[in-house]
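Residue-level structure breakdown
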Amino acid sequence: MAAAGANSQLNPLENAKRQFDEAAAKLGLAEGAKEMLKKPRRTTIQHLPVVMDDGSIQVFTGYRCQHSIVRGPAKGGIRFHQDVTIEEVEALASWMTWKCAVADIPFGGGKGGIVVDPRKLSKGELERLTRRYAADLSDIFGPDSDVPAPDVNTGEREMAWFVDTYSMHSRRTEYAVVTGKPLEVGGSAGRREATGRGVMICIEQMCKHLNIPLKGARVAVQGFGNVGGVSADLLVRDCGAMIVAASDVSGAIHNPDGLDVPALLKYVAEKKGVAGFPGSQPLTTSILEYDCDILVPAALENQITAENAANIKAKIIGEGANGPTTPDADKILEAKGCWVIPDILCNSGGVTVSYFEWVQNRMGFYWPEHEVNDRLREKLELAFADVVKVAVREKVSMRVAAYMVAIQRVWRVYELRGMYA
Ligand code: GLU
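Reading the values: the criteria
- Residues numbered from 1 in each chain as written.
- Predicted model: local features only at pLDDT ≥ 70, side-chain atom pairs only at ≥ 80, totals over all residues.
- Heavy atoms only, no water.
- Helix = DSSP H or I, 4+ residues; strand = E, 2+ residues; numbered from the N terminus.
- Rg over C-alpha atoms; globule rule 2.2 N^0.38 Å.
- Contact = heavy atoms within 4.5 Å.
- Areas by Shrake-Rupley, 256 points an atom, 1.4 Å probe, with all protein chains shown as cover.
- Salt bridge = Lys/Arg side-chain N within 4 Å of Asp/Glu carboxyl O.
- Buried < 20%, exposed > 50% of the residue type's maximum accessible area, 1.4 Å probe, protein only.
- Expected span 1.5 Å × (residues − 1).
- Arc of directions from axis to C-beta.
- Polar contact = N/O pair within 3.5 Å; in protein donor to acceptor, adjacent residues only side chain to side chain.
- Phe/Tyr/Trp six-rings, centres within 6.5 Å; stacked < 30°, edge-to-face > 60°.
- Pairing = 2+ DSSP bridges.
- Near = heavy atom within 4 Å.
- Nonpolar A, V, L, I, M, F, W, Y, C, P; charged D, E, K, R; others polar.

1. Describing the overall build of the protein
If you tally the helices and strands in the protein, you get 13 helices and 12 strands. Against the compact-globule benchmark of 22 Å for 421 residues, the protein has a radius of gyration of 20 Å, which places it among compact chains. When its C-alpha atoms are laid out on the principal axes, the protein stretches across 55 × 55 × 50 Å. For the protein, long-range pairs separated by at least 24 residues make up 68% of all intrachain contacts whose partners lie at least 6 apart in sequence. On the protein, roughly 17,300 Å² of surface is accessible, and the fraction owed to carbon and sulfur atoms is 52%.

Put into structure tokens, the structure is as follows:
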């Protein structure tokens with residue numbers, strides 16, 4: 001993530017508020033309503049002591065924000081990253097509220113984070129840190145109150161530790177307290193691929209809407225992890241697109257004739273990065289400005305900014321990451337005629353299948369993968385159609401339209417439930 005300190009344009013919370021304000025203004029909401037919808041319900045800070053492998057004690061800082069619980073339990077991942085801040089967590093939590101509303105699943109929004117570079121901790125240290133965080137917050141988490149999930153640098157392994165810690169405290173196995181678990185520990189078929197699959201479905205729908213062929217389209221993917229890697233694979237396999245550039249923390253590579261994505265996925269699993277992949281050349285310029293038809297930013301926030309937006313060649317941007325485009329960049333892209341599929345729609349496949357996982361845990365009945373994938377497609381096609389309809393009717397960007405759809409859905413519930421004085 002680019003440093004946000006000195007430049008408020010790069011403060012994710014400021015950006016989330018600007019995005020909200022633009023859509024809320026179009027909806028003509030009263031000031032008090034806007035305030036209610038914007039402010040997080042609560043944010044907690046934890047100081048988490050961990051005994052390190054060498055016997056020393058290190059104290060880590062963690063956060064959990066419940067932005068909204070009005071449409072259902074708070075829902076959202078937990079990220080492990082050295083740059084995590086309380087403002088970032090609050091921004092990400094608000095994006096979850098709007099994402100769950102756009103996807104029309106019965107959840108509010110939440111997010112958690114721990115300030116840690118997980119690459120610097122052993123597996124044992126990471127496990128103790130995860131368990132300490134889960135235990136410390138065991139009174140606020142719960143299937144009906146707040147349901148975490150994976151996010152940047154967390155995955156099935158951490159979710160299994162989480163479910164175990166929570167279950168030990170509640171003295172019974174409680175799978176529905178987190179999603180994104182391993183299959184053997186109450187996970188759902190298709191959850192691991194769900195975010196990437198959703199990105200692919202949204203790009204497909206966007207191409208259909210714009211009448212642009214996806215077959216043969218050149219795609220650049222920033223962040224070749226769980227989201228970027230899976231979307232690349234499905235865009236090639238299911239849609240006949242071509243991945244011409246890919247990047248991750250190890251570096252960036254390209255091949256104008258198309259990268260061999262299955263081989264690249266294997267390579268990344270072994271070598272822990274795309275750098276040096278045979279059949280590619282290192283890319284020395286920014287992957288975001290690469291000559292391509294479709295760009296998938298699937299890394300972190302604040303990648304597409306006022307500084308580089310004008311140089312972007314892609315006609316479609318599918319936001320796999322949360323918050324990759326700043327509001328200033330959005331304006332530049334819109335003026336250029338570039339279509340941005342906003343994060344709260346484009347990467348909502350993950351939380352949608354998290355919802356399916358939660359439902360399956362509560363039923364104790366598990367669906368085959370094709371059923372999960374079919375239901376995901378159905379949900380996403382409906383959400384996409386709702387957003388496009390508003391974008392066309394109101395002559396606004398897909399981002400503003402997605403926010404309008406989401407804010408209306410959340411506000412409607414407030415109106416019906418009334419105010420508890
Ligand atoms: N961390 C993912 C997101 O940002 C998934 C959240 C979830 O499944 O609850 O959407």
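2. Points about the pattern of salt bridges
The full count for this structure, using the stated rule, is 33 salt bridges. Among the salt bridges present, the one from Asp144 reaches Arg362, with a minimum N-O distance of 2.7 Å. A residue pair is termed long-range when its members are at least 10 positions apart, and Asp144 in the loop between α4 (123–136) and β5 (146–150) and Arg362 in helix α11 (residues 349–363) qualify at 218 residues. We classify Asp144 as exposed; its relative accessible area is 58%. For Arg362, a relative accessible area of 44% gives the class partly exposed. The partner of Lys181 in a salt bridge is Glu357, and the shortest N-O contact between them spans 2.7 Å. One end of the pair, Lys181, is in the loop between α5 (156–170) and α6 (191–210); the other, Glu357, is in helix α11, with 176 residues separating them in the sequence. In this structure, Lys181 and Glu357 share a single accessibility class: buried. Overlapping salt bridges, with partners in common, bring together Arg79, Glu88, Lys111, Asp151 and Glu301 in one network.

3. Here's the deal with the environment of Val274
Of note, Val274 is situated in the loop between α8 (261–271) and β9 (281–282). Between the alpha carbons of Val274 and Ala246 there is a distance of 7.3 Å; along the sequence they are 28 residues apart.

4. What about helix α1 (residues 12–27)?
Because each turn of an α-helix spans 3.6 residues, side chains separated by three or four positions end up pointing in the same direction. For α1, spanning 16 residues, the distance from its first C-alpha to its last is 23 Å, which sits close to the expected 22 Å at 1.5 Å a residue. Those residues of α1 lying buried are Pro12, Leu13, Asn15, Ala16, Gln19, Phe20, Ala23 and Ala24. Buried residues of α1 fall within an arc of 165° about the axis and therefore sit on the same side. The inward-facing, buried residues of α1 contact α2 (31–38), α3 (86–102), α9 (327–336) and α13 (398–417). Where α1 begins, the side chain of Asn11 points an oxygen toward the backbone nitrogen of Leu13, at a separation of 2.9 Å.

5. Thoughts on the packing of aromatic side chains
Evaluated as defined, the whole model comprises 11 aromatic pairs. On the basis of an interplanar angle of 50° and a centroid distance of 6.2 Å, the ring pair of Tyr133 and Phe141 is categorised as tilted. Here Tyr133 matches Phe141 in class, with each residue buried. Both rings, one in Tyr355 and one in Phe356, keep their centres 5.8 Å apart while their planes meet at 45°; by these two values the pair is tilted. Assessed through its relative accessible area of 19%, Tyr355 is described here as buried. The class of Phe356 is buried, set by a relative accessible area of 4%. The structure contains a cluster of three or more aromatic residues connected by ring pairs, namely Phe107, Tyr355, Phe356, Trp358 and Trp367.

6. Re the environment of Tyr175
Position of Tyr175 relative to the elements: it lies in the loop between α5 and α6. Sequence-wise, Tyr175 and Ile57 are 118 residues apart; in three dimensions their C-alpha atoms are separated by 31 Å. Discounting chain neighbours no more than four positions away, the residues touching Tyr175 are Val163, Lys181, Glu184, Val185, Gly186, Asn361 and Tyr366.

7. Quick notes on the pairing of strand β10 (residues 294–297)
Every second residue of β10 is oriented toward a common face, with Ile294 and Val296 on one face and Leu295 and Pro297 on the other, all of them buried. The pairing of strand β6 (residues 218–222) with β10 spans 4 bridges and is classified as parallel. Along β10, the bridge assignment pairs Val219 with Ile294. Sheet topology places β10 next to strand β11 (residues 316–318); 2 bridges connect them, and they run parallel. Bridge pairing in β11 links Ile294 to Ile316.

8. Description of the environment of Ile341
Within the secondary structure, Ile341 sits in strand β12 (residues 339–341). With 24 residues separating them in the primary sequence, Ile341 and Ile317 have C-alpha atoms 6.0 Å apart. Each residue touching Ile341, except ones within four places of it in the same chain, is listed here: Cys202, Ile203, Met206, Ile316, Ile317, Gly318, Glu319, Cys346 and Phe384.

9. What about the site of the ligand?
By nearness alone, 14 residues border the ligand, and Lys75, Lys99, Pro150, Asp151 and Ser354 come closest of all. The separation between an oxygen atom of the ligand and a polar side-chain atom of Lys99 is 2.6 Å. Look at the ligand: alone it shows 300 Å² of surface, and the protein chains cover 94% of it. Broken down by secondary-structure element, the contributors of at least two residues to the shell around the ligand are β3 (74–81), α3, β5 and α11. A class-by-class count of the residues in the shell around the ligand yields 4 nonpolar, 5 polar and 5 charged.

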